[in-house]
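Descriptive structure summary
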Amino acid sequence: MAKKGSVSSPARAAGGMGALLSSFQHARAHGLAADWHTFLKANQGDGFDCPGCAWPEPKKPSSFEFCENGVKAITHEATTRRADRAFFAAHSVSDLRARDHYWLEQQGRLTEPMRYNNRTDHYEPIGWDEAFQKIGKILRTLDSPDEAVFYTSGRTSNEAAFLYQLFGRMYGTNNFPDCSNMCHESSGVALGESIGIGKGTVTIEDFEKADAVFVFGQNPGTNHPRMLTELQKAAKRGCRIVSFNPLKEAALLRFTHPQHAVATALGSSTRISSHYYQPIIGGDLAAIKGMIKRLLELEEERGGVLDQAFIDQHTQGWLAVRDDARAAKWDDLVANSGLSKQQICEAADIYAGAERVIVCWAMGLTQQKQAVGTLQTLVNLLLMRGNIGRPGAGACPVRGHSNVQGDRTMGIIEKPKPAFLKALGQTFDFKPPEHEGHNTVEAIKAIDKGRALFLMSMGGNFAAATPDTAFTEAALAKLEMTVHVSTKLNRGHLVIGNESLILPCLGRTERDQQAGGLQQVTVEDSMSMVHASRGHREPASPQLRSEPAIIAGIAAATLKSDVDWAALVADYDRIRDKIAAVIPAFADFNQRIKQPGGFYLGNSARDRAWTTGAGKALFKVHPLPANECDANQLRLMTMRSHDQFNTTIYGLDDRYRGIRGKRMVVFLNREDMAERSLKAGTEVDLISQGRDGKKRRAQGFEVVPYDIPRGCAAAYFPETNVLVPIDSYAARSYTPTSKFIPVWVERR
Ligand code: SF4
């Protein structure tokens, strides 16, 4: 049978005409080709925040302050397609379960609340009040508030997230897993411990001052495309861009800004990375420790490499890191990193030669067993030369979801700080629970064991985004009730326990009319800028409700409390006043949010005010990670295609990697293929094994030869999430190891 789609050589550059054409095709397919007004409102002071990633807006946004993947995110939210009652009448849940993620995404916007009827196997309409009463009844009948889990995806606004945590804590639990558990949790744990705050220390303006930008385990071309604007400007003014990524990503090689008409017409592009290193998957810690070792050698050779004054005044633990790096053997560093000594030293020399350095990273570092250790070793590198708390320098974890950082700031966390709980209790006159709740991995295990019976998801696609798909779906089927607050249909809606409700909410692009008038919400980007977002489009259906209104409806139907939920959602200024009362950094919130572009939350480490237990920035020693693979296994990294945002599949192309019209592909090194007698196009299964000894199998992947180091492989999620065992997560952060899964490759 002829294979679907095609495979060609990867793109030489990102952006350009391809980005314009793809944007137009997606907009046209969803009936928005002529609706430029909507796109021109994206990321504008009087507009809405793009529901895509969390890359910040420049102080003076351009009129077209959006990228190709922003167009896809907006298009799929503003689509003219509808998954309405007629659609659900035509498709049983069993039928929908047989569909793939791409097909489900194409069905369009949900239009009214739906309840699963297990006698007809169909979702059927239900009224809002009846839905709220049903949820309230279930919650009131649980034996313990900890039998309920309240999950949040990073699209949830600050106002909704604050109300959500208030409701859950007044109900009596801290079970607030969120999508950052699966992405930058390792960054939060590592930075929190090393520099006293779990957030990046740079602002977008720092990119204009840096002499070098190091990019580790990140593919900005797909996941944070407007970052390329800053990298292109930096590269043009001579800033060295140094990339570490097992895969050669087009956007880190060359970029044509689609809004530069001449360059796009001529197809001329800017070289982005001055240096590109392909460590083996899991090899970053060794590479960074090697750079530290080289810097020490340079210090001995010529001095003036270390910022000794900074080290003495602002840090603790340097000598242990120094001695550990000195003791490290180059052979071990080379073998463990997959890079040559010459490459590691070259990268270190660039670092030593740059006065101001920004280090960026994403999932390639955070979704590995040794993630926290790798990130703290990266902080060691920054501290050695005082590259934190100076213009043009610092740590930059780039977040992938528009308000994932804001949700955490609003209290969406299973381990809330005592000061936050105290202020919350005083503001709302109740005693919040203090015991730790469940993060995502723990929540899945609690559901599997029947210790959690209720799961509510604010956005997201829990069943598909989480690890160990077969295990997780089997666990979810044991739930008494699942409640999904969503804009579009996804796999999560089809994994049903006893009861399931879908509550459709307004999108970012849509007008949010409440009793007190038109409302705006706020979000916090990767660089701690808080700004407003106002929708202007007519809602996709008159029956949609805003996220805050849905939470208020459920809370009023569940709790007997003095909180006037209806008044809070009538005017979100009232919610922001409460946020200001509970979180000091948001003092005078409603005034400050009126500033064009919003306001900066500040960052203690950026001010060199180290809020660690020691009152200093901490150097941390971490050993080289052990090789988890047996001789026949490859190190698999899961990743997004270019037509994808998290588990949302916009299209079947991955233009930059040469893939058209398919997703079931696995990228392999040619020598690894030869060793296994595999050819391009051969169909294989991927098999992993957890600590439980159980094998997990993902079937039917087409082999694609690719520029990836020996012993490494790459394939898309969510199709490969089945291979990530529930017990395989980063130490201390519980972030699933989606970027390092030992697998066997078996010909079908
Ligand atoms: S860079 Fe991110 S936030 Fe900006 S337009 Fe693109 S997807 Fe949206």
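As a starting point, this report considers the structure included with it.

Cut-off values and rules
For every chain, the first residue of its written sequence is number 1, and the numbers climb from 1 along that sequence. Local features are withheld for residues below a pLDDT of 70 in this predicted model, meaning they are given only at 70 or higher, and side-chain atom pairs are given and counted only at 80 or more; totals for whole chains, interfaces and linings count all residues. The side-chain values count all of the structure's non-hydrogen atoms but skip hydrogen atoms and water molecules. Per the convention used, a helix needs a DSSP run of H or I reaching at least four residues, while a strand needs a run of E reaching at least two, with both numbered from the N terminus. All radius of gyration figures rest on C-alpha atoms, and the globule criterion is 2.2 Å times the number of residues raised to 0.38. Exposure categories follow from relative accessible area, calculated using a 1.4 Å probe and restricted to protein chains: below 20% of the type maximum is buried, above 50% is exposed, and the middle band is partly exposed. Working convention: axes come from line fits to C-alpha atoms, limited for helices to the stretch in contact. Angles between N-to-C directions cover 0 to 180 degrees. Any angle from 65 to 115 degrees is called roughly perpendicular, while one under 35 is roughly parallel, one over 145 is roughly antiparallel, and all others are oblique. Residues count as neighbours in contact if any of their non-hydrogen atoms are within 4.5 Å of one another. Residues are sorted three ways: Asp, Glu, Lys and Arg are charged, Ala, Val, Leu, Ile, Met, Phe, Trp, Tyr, Cys and Pro are nonpolar, and all the rest, Gly among them, are polar. Distance and chemistry together define a polar contact, namely a pair of N or O atoms within 3.5 Å, with one atom able to donate a hydrogen and the other to accept it when in protein, and with adjacent residues in sequence counting only for side-chain atoms on both sides. Disulfide: a pair of cysteine sulfur atoms within 2.5 Å of each other. Pairing between strands is defined by DSSP: at least two bridges between them are needed. Neighbouring residues are identified by heavy atoms, a residue being near a molecule or strand if any of them is within 4 Å of it.

1. Points about the overall build of the protein chain
Check the secondary structure of the protein chain and you find 30 helices and 33 strands. Relative to the globule expectation of 27 Å for 748 residues, the C-alpha radius of gyration of the protein chain, 25 Å, shows essentially globular dimensions. Across its three principal axes, the protein chain shows a C-alpha extent of roughly 75 × 65 × 55 Å. In the protein chain, which comprises 748 residues, the proportion classed as buried is 65%.

2. Structural notes on the packing of helix α8 (residues 158-171) against helix α22 (residues 418-428)
At a minimum axis separation of 12 Å, α8 and α22 run at an interaxial angle of 85°. Between α8 and α22, the angle falls in the class roughly perpendicular. Contacts from Phe162, Gln165, Leu166, Arg169 and Met170 in α8 reach Phe420, Leu421, Leu424 and Phe428 in α22. Here the contact of α8 with α22 is built from residues that sort into 7 nonpolar, 1 polar and 1 charged.

3. Regarding the packing of helix α14 (residues 284-302) against helix α16 (residues 318-327)
Running from N to C, α14 and α16 point in directions that differ by 95°, and their axes come no closer than 9 Å. If you check the angle between α14 and α16, you find them roughly perpendicular. Here Lys289, Ile292, Lys293, Leu296 and Glu300 of α14 come into contact with α16, specifically with Trp318, Arg322, Asp324, Ala325 and Arg326. Residues of the contact of α14 with α16, tallied by class, amount to 4 nonpolar, no polar and 6 charged.

4. Brief notes about the side chain of Lys72
Take Lys72: it is sitting in helix α3 (residues 68-77). Among the polar contacts listed, one links the side chain of Lys72 to the side chain of Glu68, at a separation of 2.9 Å. Residue contacts for Lys72: discarding those within four places in its chain leaves Ser22, His26, His642, Asp643 and Tyr650.

5. Digging into the environment of Ile554
Tracing the backbone through its elements, the reader meets Ile554 in helix α26 (residues 547-558). Measuring from C-alpha to C-alpha, the distance between Ile554 and Glu346 comes to 58 Å, with 208 residues separating the pair along the chain. Every residue in contact with Ile554, bar those within four places of it in the chain, is listed here: Phe132, Ile135, Phe167, Met456 and Leu503.

6. Considerations on the state of the cysteines
Considering all chains together, one arrives at 0 disulfides under this definition. Considering cysteine sulfurs only, Cys629 is the nearest to Cys712, which forms no disulfide, with 8.3 Å between them.

7. Details of the sheet that holds strand β2 (residues 14-15)
The 3 strands lie next to each other as β2-β10-β11, forming an open sheet whose pairing is mixed. In the strand order of this sheet, the two ends are held by β2 and β11 (270-271), each with one partner. As paired elements, strand β10 (residues 254-256) and β11 share 2 bridges and run antiparallel to each other. Looking at the pairing, Phe255 lines up with Thr270 of β11.

8. Digging into the pairing of strand β22 (residues 529-533)
Here β22 lies mainly inside the structure; 4 of its 5 residues are buried. Of the strand pairs in this sheet, strand β21 (residues 521-524) and β22 are connected by 4 bridges, and their pairing is antiparallel. Pairing of Val521 across the sheet is with Ser533, part of β22. Two successive antiparallel strands, β21 and β22, enclose a turn made up of 4 residues, where Ser528 displays a positive phi of approximately 65°. As defined by bridge partners, β22 adjoins strand β23 (residues 599-600) across 2 bridges and the pair is classed as antiparallel. When the bridges of β23 are listed, Val530 appears paired with Phe599.

9. Here we look at the site of the ligand
Close to the ligand lie Asn43, Cys50, Cys53, Phe66, Cys67, Gly70, Pro225 and Arg226, which account for all nearby residues. Grouping the amino acids of the shell around the ligand by side-chain chemistry returns 5 nonpolar, 2 polar and 1 charged.

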